[in-house]
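Observations on the three-dimensional arrangement
Listed here are the chains, written in short residue letters.
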Amino acid sequence: MKDRSSVAVIDPHGCSVPMVDAERVSAVRRSLPSEETVEDLAQVFGLLADPGRLRMVAALLEGGEMCVCDLAAATGQSMSGASHALRLLRMRRVVKVRRSGRMAYYQLADSHVRMLFDLAIAHAGHTEGGLGDG
């Protein structure tokens, strides 16, 4: 039997010191986005976590400016569901609206949304092939 006094127990949930590289921690803390920016990002990513809203974004990426009726038909959503999704996306500045009489036409707010979506699709395709960083 081994002598337990020579076995070091490492706590996998904590460090034995509060900080290993204070300079790096300080540099990282200075470079982090503001709390307000992080909250905004969390809101946008939360919106995009819904499959129906993601289909809306994908439809707008493919179709450009579209009315609510066409977006509902393209994504298989009800008019009410599509309108609700678009209202939420508009509130977070993911889409913008142009009104023409009684019709409302939606499009992506800017090219950053396209870049974000394209990167997410590339990432999903990259990770589908297997786990890891390779």
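Higher on the page you've got the structure.
Residues numbered from 1 in each chain as written. Predicted model: local features only at pLDDT ≥ 70, side-chain atom pairs only at ≥ 80, totals over all residues. Heavy atoms only, no water.

Once that is clear, we can look at the overall build of the chain. Regarding its fold elements, the chain presents 6 helices and 3 strands. Element order for the chain, N to C, with α for helix and β for strand: α-α-α-β-α-α-β-β-α. Put simply, 47% of the contacts in the chain that link residues at least 6 apart link residues at least 24 apart. (Helix = DSSP H or I, 4+ residues; strand = E, 2+ residues; numbered from the N terminus. Contact = heavy atoms within 4.5 Å.)

Another aspect to go through is the packing of helix H3 (residues 51–63) against helix H5 (residues 79–91). As a packed pair, H3 and H5 sit with axes 10 Å apart at the nearest point and diverge in direction by 80°. In terms of orientation, H3 lies roughly perpendicular with respect to H5. For the pair H3 and H5, contact is made by Arg53, Met56 and Val57 and by Ala82, Ala85, Leu86, Leu88 and Leu89, respectively. Of the residues contributing to the contact of H3 with H5, the split by class is 7 nonpolar, no polar and 1 charged. (Axes fitted to C-alpha atoms, helices over the stretch in contact; angles between N-to-C directions. Parallel < 35°, antiparallel > 145°, perpendicular 65-115°, else oblique. Nonpolar A, V, L, I, M, F, W, Y, C, P; charged D, E, K, R; others polar.)

Time to look at the packing of helix H4 (residues 68–75) against H5. Here H4 crosses H5 at 110°, and the two axes come no closer than 9 Å. By the angle between their directions, the pair H4 and H5 is classed as roughly perpendicular. On H5, the residues touching Val68, Cys69, Leu71 and Ala72 of H4 are Met79, Ala82, Ser83 and Leu86. Grouping the constituent residues of the contact of H4 with H5 by class yields 7 nonpolar, 1 polar and no charged.

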